[in-house]
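# Coordinates in review
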Amino acid sequence: MPKTLIRRVFSGENQMGNLAVVEVCESRQVFNDTLLLQQRAKTHQQPISVFIIADNSNSLLSYSIRWFSPTTEVTLCGHGTLAAADLILSSINTDKTHTKCLFSNKDITVKQLEHRKYILYLPPIKLLPTTLPSAIAVLFNAEALNVMQTKTDIGYLIVSVKNQTAVRNFDFDERKYSDLTQRALIVSCKSDDSSDLIYFRYFAPQYGEKEDSATGSAAPVLAEFWRLSFDKPYRCKQLSLTGGYYQLIRGERKIQVVSFICDA
């Protein structure tokens with residue numbers, strides 16, 4: 001059984017998705033050692049490094065999980081969680097009747113639908129309408145049409161812009177932005193041609209890189225911001241340089257992110 005692997009997540013159509021390296025920690029002491037895990041993540045030099053360890057519980061497929069960029073620990077990483085689930089359900093799990101794994105410390109479940117196809121279940125998120133501070137608005141090269149944010153300062157700011165071109169060409173000064181807020185920034189629009197298609201980009205310079213190329217943790221924010229219909233599948237295309245793609249289904253209790261996973 002491999003102790004470390006690299007997976008590509010959220011690829012599809014013309015999108016390359018995002019890479020994650022997954023490590024199974026040899027002990028709980030190692031899993032809890034933040035400095036050690038950060039050093040390993042820096043050595044891996046992948047967008048995200050995922051560390052997991054089996055829980056001492058009655059559930060065979062219950063794990064604890066942590067995520068690190070090369071520079072800092074990350075609050076939530078969707079593509080890293082799916083990569084970890086692929087290791088657990090495809091390699092660690094010997095009882096193929098078990099098709100789900102639980103990341104108990106984060107209350108996240110992943111279900112395997114078929115070989116290399118998974119559903120990531122994330123909790124919904126609450127957003128509040130807000131006014132974009134003028135000091136932030138002047139940093140953007142596109143007009144923010146609608147603005148919402150999470151309650152806490154360490155969370156999300158999401159803005160809609162005019163169209164797909166505005167999303168694709170969106171830019172801002174990340175240093176000045178980070179001086180004003182630690183919120184991750186999501187820029188989005190809905191397609192003019194298809195009612196089930198959402199375009200977006202995700203920026204989190206506080207994690208060391210200006211833009212994340214394929215971001216599953218954005219799904220609950222997009223679902224709430226666009227008030228998506230319950231139980232209807234939507235297509236999400238991330239217009240980063242490499243691109244990302246997944247299917248999003250908004251449930252009343254959980255947000256479903258459906259994706260294929262492939263080798264790096």
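Check the entry above for the structure.
Report on the accompanying structure. (Residues numbered from 1 in each chain as written. Predicted model: local features only at pLDDT ≥ 70, side-chain atom pairs only at ≥ 80, totals over all residues. Heavy atoms only, no water.)

### Remarks on the nonpolar core
Residues Val50, Ile52, Phe103, Ile186, Leu222, Tyr246 and Leu248 are the most contacted members of the largest nonpolar core, which totals 55 residues. When residues of this core are assigned to their parent elements, the largest contribution, eight residues, is made by helix α3 (residues 78-92). Leu222 has contacts with Ile158, Ile186, Ser188, Ile198, Phe200, Leu228, Cys236, Tyr246 and Leu248, leaving out every residue within four places of it along the chain. Formed by 20 residues, the second largest nonpolar core is a distinct cluster that contains Leu132, Val147, Leu157 and Phe172. (Core = buried A, V, L, I, M, F, W, Y, C linked by side-chain atoms within 4.5 Å. Buried < 20%, exposed > 50% of the residue type's maximum accessible area, 1.4 Å probe, protein only. Helix = DSSP H or I, 4+ residues; strand = E, 2+ residues; numbered from the N terminus. Contact = heavy atoms within 4.5 Å.)

### A short note on the pairing of strand β11 (residues 156-160)
The buried fraction of β11 is high, at five of five residues. Examined bridge by bridge, strand β10 (residues 146-149) and β11 share four bridges and lie antiparallel to one another. Opposite Val147, over in β11, you have Val159 as the bridge partner. Direction of pairing for β11 relative to strand β12 (residues 184-190): parallel, over a ladder of five bridges. From the neighbouring strand, Tyr156 faces β12, where its bridge partner is Ala184. (Pairing = 2+ DSSP bridges.)

### Topic: the packing of aromatic side chains
In this structure the tally under the stated criterion is eleven aromatic pairs. Aromatic side chains Phe172 and Phe203 sit 5.1 Å apart centroid to centroid with 90° between the ring planes, which places their arrangement in the edge-to-face category. With Phe172 in the loop between α5 (164-168) and α6 (174-180) and Phe203 in strand β13 (residues 197-204), the pair connects residues that are 31 residues apart, well separated along the chain. Taken together, the aromatic side chains of Phe140, Phe170, Phe172, Tyr177 and Phe203 make up a single cluster linked through ring pairs. Against the face of Phe31 rests Arg66, its NZ or CZ located 5.9 Å from the ring centre. Just above the ring of Phe172 sits the side chain of Lys210; from NZ or CZ to the centre is 4.9 Å. (Phe/Tyr/Trp six-rings, centres within 6.5 Å; stacked < 30°, edge-to-face > 60°. Lys NZ or Arg CZ within 6 Å of the ring centre and 35° of its normal.)

### Comments concerning the pattern of salt bridges
Between side chains of opposite charge, a pair can form as their charged atoms come close. For the structure on display, the rule yields 15 salt bridges. With its nearest N and O atoms 3.3 Å apart, the salt bridge here joins Arg116 to Asp86. Within this pair, whereas Arg116 is found in the loop between β7 (108-114) and β8 (117-122), its partner Asp86 is found in helix α3, the two being separated by 30 residues in sequence. With relative accessibility at 0%, the residue Asp86 sits in the buried group. Between Asp171 and Lys210 there is a salt bridge; the shortest N-O distance is 2.4 Å. Placement of the pair is Asp171 in the loop between α5 and α6 and Lys210 in strand β14 (residues 209-212), with a sequence separation of 39 residues. With relative accessibility at 38%, the residue Asp171 sits in the partly exposed group. Lys210 sits in the partly exposed class, given a relative accessible area of 23%. Connected through shared salt-bridge partners, Arg7, Asp86, Arg116 and Asp263 make up one network. (Salt bridge = Lys/Arg side-chain N within 4 Å of Asp/Glu carboxyl O.)

### Considerations on the pairing of strand β16 (residues 244-250)
The buried count for β16 comes to six of seven residues, which makes it a mostly enclosed element. Taken together, the six bridges between strand β15 (residues 233-238) and β16 define a ladder with antiparallel strand orientation. In the strand pairing of β16, Pro233 is matched with Ile249. The loop that links β15 with its antiparallel partner β16 comprises five residues; one of these, Gly243, has a positive phi angle of about 85°.

### So, α3
Under the 1.5 Å per step criterion, the end-to-end length of α3 is 20 Å for 15 residues, consistent within 8% with the ideal 21 Å. Among the 15 residues in α3, 13 count as buried, and that is most of the element. (Expected span 1.5 Å × (residues − 1).)

### Comments concerning the side chain of Glu23
When you line up the elements, Glu23 lands in strand β2 (residues 18-24). Within the structure, the side chain of Glu23 is placed 2.6 Å from the side chain of His44, a separation counted as a polar contact. When near neighbours in sequence (up to four residues on either side) are disregarded, Glu23 contacts Lys3, Thr4, Arg40, His44, Val50, Phe51 and Ile52. (Polar contact = N/O pair within 3.5 Å; in protein donor to acceptor, adjacent residues only side chain to side chain.)

### Things to note about helix α2 (residues 34-44)
Where α2 is concerned, the buried positions are Leu37, Gln38 and Ala41. When α2 is viewed along its axis, its buried side chains cluster within an angular range of 100° and face the same direction. Away from the buried face of α2 by more than 90 degrees, exposed residues Leu35, Gln39, Lys42 and Thr43 are located. Considering only its buried residues, α2 is in contact with α1 (28-31), β3 (48-54), β4 (62-68) and β5 (73-74). Looking at the residues trailing α2, positive phi occurs at Gln45, about 55°. (Arc of directions from axis to C-beta.)

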